[in-house]
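# Examination of the molecular architecture
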Amino acid sequence: MSTIVRFAPSPTGLLHVGNARTAMLNWLFARKENGKFFLRIDDTDTERSKPEFETAILEDLGWLGLTHDIFARQVERADAHNAAAERLKASGHLYPAYETAGELDRRRKRQIAMHKPPVYDRAALALSAEERAKLEAEGRKPHWRFKLSQSKVKWRDLVRGDVEIDTAHLSDPVLIREDGRFLYTLPSVVDDIDFAISHIIRGEDHVTNTAAQIEIFEALGAKVPAFAHFPLLIGAGGEALSKRIGSLSLREVRESGIEPLALDCYLAKTGTSDTIELKPSLGALASEFFFEKVGRAPAHFDPVELSGLNAKLLHALPYEAVAERLKALEVGGGPAFWDAVKANLAKLSDASDLWALVAGPVIPIIEDKNLAIKAAELLPAEPFDEATWSGWTAAVASATGLKGRALFHPLRLALTGREHGPELKKLLPLIGRAKSVARLKGETA
Ligand code: GLU
């Protein structure tokens with residue numbers, strides 16, 4: 001059986017890191033198994049679905065490198081969904097119910113007051129043909145419920161192990177609203193069947209849905225795919241990541257300067273028994289993916305850890321990998337500048353701020369005037385290289401008797417106007433003699 005997985009976002013908001021992890025785990029498994037990754041846009045909720053969110057989803061997945069092999073939109077598959085609904089009606093699996101939302105709510109409240117589980121009582125199944133006709137004559141439109149088997153549904157989950165859910169404890173799910181539109185469940189199952197999905201990999205918030213969905217696969221005479229439900233990614237404080245709040249959207253993460261590979265590594269490894277560390281590519285991450293490594297406890301999304309990973313990634317990048325982007329940031333200095341500053345970057349755009357230390361204008365801070373003047377006098381002629389710094393500061397030390405912080409701190413403040421920054425032995429040749437002398441004299445340069 002060939003492996004086909006699907007990632008099925010609803011285009012009702014921006015992808016957040018939790019959705020991205022679902023996409024990632026699907027993608028890694030597909031790649032590992034030489035299978036296919038199907039991107040399905042679950043846009044049956046026509047009120048909330050927006051084309052701009054679909055565009056954003058495609059862009060964000062592209063940014064992460066999670067390419068898809070197959071693409072479909074659910075709204076374009078209405079014929080298949082309708083045909084399946086007709087089959088389920090004909091086989092008695094789908095039945096009309098006429099209760100209004102208010103009636104259902106009152107019934108639920110009564111059940112709760114009587115300490116009974118608020119499960120739909122199937123009153124609609126008891127209606128005679130005449131009673132139904134009467135309700136319809138009154139103008140009531142039915143919604144359609146799937147008749148659960150009220151038995152134990154079992155599957156071997158690739159993350160959770162053996163799972164058993166008794167559908168007697170569930171309400172018969174509504175598959176079609178009274179306005180004729182489908183809810184998520186039936187189109188999802190029909191598309192999973194028609195696209196021959198072999199593995200459904202998603203968050204554990206869908207475990208209960210799975211029991212009903214397995215019964216629908218069976219009612220439609222289809223093979224039931226394998227399931228893997230992993231714990232959700234939650235915020236550092238334990239809060240759910242919701243796309244409706246738009247918190248931690250991929251957009252925000254991307255705009256904060258996180259490199260896609262850093263996020264890829266983070267998403268692939270967080271919540272698994274592997275260490276969260278950098279890997280050279282998505283392919284490398286895929287080769288290490290096993291469901292057995294996915295833990296049962298919720299995974300925490302820790303932006304600080306992600307930033308650390310991002311910094312490490314930047315520090316290891318060769319100049320050629322960033323040359324174009326530095327150019328776009330109007331950062332000069334070529335490989336020598338990159339080599340001087342990369343260890344100081346949390347995000348690539350920080351290079352632009354550090355470039356100002358070289359290009360100027362820098363407003364020097366003169367902490368020790370005598371030292372600065374002596375240092376300016378002793379600055380050798382160009383050309384400068386990385387050895388210039390040690391020779392020069394040794395000469396300044398012997399001329400002034402200063403050493404350690406008393407020597408280096410005023411020099412850094414004079415040359416860069418800042419307390420901290422990249423190694424001066426690397427910056428000095430980039431700043432050059434003229435600007436260095438000017439800054440040591442307290443001139444903005
Ligand atoms: N559109 C559904 C969601 O975003 C898909 C769930 C599923 O994977 O079946 O929750």
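Below, the structure is looked at part by part. (Residues numbered from 1 in each chain as written. Predicted model: local features only at pLDDT ≥ 70, side-chain atom pairs only at ≥ 80, totals over all residues. Heavy atoms only, no water.)

Another point: the overall build of the protein chain. Each helix and strand in the protein chain was counted, giving 19 helices and 12 strands. Rg of the C-alpha trace for the protein chain: 31 Å, well past the compact-globule value of 22 Å for 445 residues, more than 25% over. For the C-alpha atoms alone, the extent of the protein chain along its principal axes is close to 110 × 45 × 40 Å. For the protein chain, the proportion of its 445 residues judged to be buried stands at 47%. Relative to all contacts within the protein chain whose residues are 6 or more apart in sequence, the contacts with residues 24 or more apart total 75%. Here the protein chain has roughly 21,000 Å² of accessible surface; of this, 53% comes from carbon and sulfur atoms. Within the protein chain, the 61 negative side-chain charges are centred at a point lying 2 Å from the centre of the 58 positive side-chain charges. (Helix = DSSP H or I, 4+ residues; strand = E, 2+ residues; numbered from the N terminus. Rg over C-alpha atoms; globule rule 2.2 N^0.38 Å. Buried < 20%, exposed > 50% of the residue type's maximum accessible area, 1.4 Å probe, protein only. Contact = heavy atoms within 4.5 Å. Areas by Shrake-Rupley, 256 points an atom, 1.4 Å probe, with all protein chains shown as cover. Lys, Arg positive; Asp, Glu negative; His and termini not counted. Charge placed at Lys NZ, Arg CZ, Asp CG, Glu CD.)

A pair of packed helices is captured by two measures, namely the crossing angle of their axes and the spacing between those axes. In contact at an axis separation of 8 Å, helix H15 (residues 369–378) and helix H19 (residues 433–440) are set at 160° when each is read in the N-to-C sense. What the angle tells us is that H15 and H19 run roughly antiparallel. The element H15 and its partner H19 pack so that their crossing is left-handed. Residues Ala372, Ala375 and Ala376 of H15 touch H19, and the partners they reach there are Arg433, Val437 and Leu440. (Axes fitted to C-alpha atoms, helices over the stretch in contact; angles between N-to-C directions. Parallel < 35°, antiparallel > 145°, perpendicular 65-115°, else oblique. Left-handed = near helix turned anticlockwise from the far one by under 90°.)

As a further point, take the site of the ligand. If you check the shell around the ligand, you find Arg6, Ala8, Ser10, Asp42, Tyr184, Ser188, Arg202 and His206 and nothing else. In this structure, Ala8 approaches the ligand through a main-chain N or O atom, which is 2.7 Å from a nitrogen atom. With respect to the ligand, the side chain of His206 contributes an N or O atom lying 3.2 Å from an oxygen atom. With the chains in place, 81% of the 300 Å² that the ligand exposes on its own is no longer accessible. Tallied by class, residues from the shell around the ligand come to two nonpolar, three polar and three charged. (Near = heavy atom within 4 Å. Polar contact = N/O pair within 3.5 Å; in protein donor to acceptor, adjacent residues only side chain to side chain. Nonpolar A, V, L, I, M, F, W, Y, C, P; charged D, E, K, R; others polar.)

Estimates place the volume of the second largest pocket at around 380 Å³. Where the lining of the second largest pocket is concerned, the elements lending two or more residues are helix H4 (101–113) and helix H7 (207–219). Per-element tally for the lining of the second largest pocket: the top contributor is H4, with four residues. For the lining of the second largest pocket, the per-class residue count stands at 10 nonpolar, five polar and five charged. (1 Å grid on protein atoms, 1.4 Å probe; cavity = no way out; pocket = protein on both sides within 12 Å on 5 of 7 lines; lining within 4 Å. Points joined across faces, edges and corners; volume = space filled by probe spheres on them.)

It is worth spelling out the packing of aromatic side chains at this point. Summed over all chains, the structure comprises nine aromatic pairs. Taking 5.1 Å as the distance between ring centres and 75° as the angle between the ring planes, the aromatic pair formed by Phe289 and Phe291 counts as edge-to-face. Residue Phe289 shares its accessibility class with Phe291, and that shared class is buried. Linked through ring pairs, Phe29, Phe289 and Phe291 together constitute an aromatic cluster. Taking NZ or CZ as reference, Lys89 lies 4.1 Å from the ring centre of Trp144, over its face. The ring centre of Tyr120 lies 3.7 Å from the NZ or CZ of Arg145, which sits over that ring. (Phe/Tyr/Trp six-rings, centres within 6.5 Å; stacked < 30°, edge-to-face > 60°. Lys NZ or Arg CZ within 6 Å of the ring centre and 35° of its normal.)

On to the pairing of strand E6 (residues 152–157), then. Every second residue of E6 is oriented toward a common face, the buried set being Val153, Trp155 and Asp157 and the non-buried set Lys152, Lys154 and Arg156. Between E6 and the antiparallel strand that follows it, strand E7 (residues 161–166), lie three residues. (Pairing = 2+ DSSP bridges.)

Let us now look at the nonpolar core. In this structure, Leu263 and Trp392 are the most contacted members of the largest nonpolar core, which totals 79 residues. Discounting residues that sit within four places of it in the chain, Leu263 has contacts with Val17, Trp63, Leu64, Leu250, Val253, Ile258 and Leu306. One finds Ile4, Phe146, Val190 and Ile197 within the second-largest nonpolar core, a separate group that totals 33 residues. (Core = buried A, V, L, I, M, F, W, Y, C linked by side-chain atoms within 4.5 Å.)

Glancing now at the sheet that holds strand E4 (residues 94–97). Spatially, three strands are ordered E4-E5-E8 in an open sheet, and the strand pairing comes out antiparallel. Across the chains shown, the open sheet's two edge strands, defined by having one partner strand only, are E4 and strand E8 (174–176). Here the strands of the sheet are splayed against their neighbours by 45° on average, with no regard to which way each runs. Relative to E8, strand E5 (residues 143–146) runs antiparallel, the two being bridged by two bridges. Counterpart to Trp144 in the pairing with E8 is Ile176.

Right, let's talk about the pattern of salt bridges for a bit. Throughout the structure, instances matching the rule amount to 37 salt bridges. Between Glu204 and Arg160 there is a salt bridge, with its nearest N and O atoms 2.8 Å apart. One end of the pair, Glu204, is in the loop between strand E9 (199–203) and H7; the other, Arg160, is in the loop between E6 and E7, with 44 residues separating them in the sequence. Residue class for Glu204 comes out partly exposed when judged on its relative accessible area of 29%. The partly exposed category is assigned to Arg160, whose relative accessible area is 24%. In this structure, Arg418 engages Asp353 in a salt bridge whose closest nitrogen and oxygen atoms are separated by 3.0 Å. One end of the pair, Arg418, is in the loop between helix H17 (404–416) and helix H18 (424–431); the other, Asp353, is in helix H14 (residues 350–359), and 65 residues separate them in sequence. (Salt bridge = Lys/Arg side-chain N within 4 Å of Asp/Glu carboxyl O.)

According to the stated counting rule, one finds one cavity of 30 Å³ or more in the structure shown. Leu28, Ala268, Lys269, Thr272, Asp274, Leu285, Glu288, Phe289, Phe290, Lys293 and Val294 together form the lining of the largest cavity. Among the residues forming the lining of the largest cavity, the class breakdown is six nonpolar, one polar and four charged.

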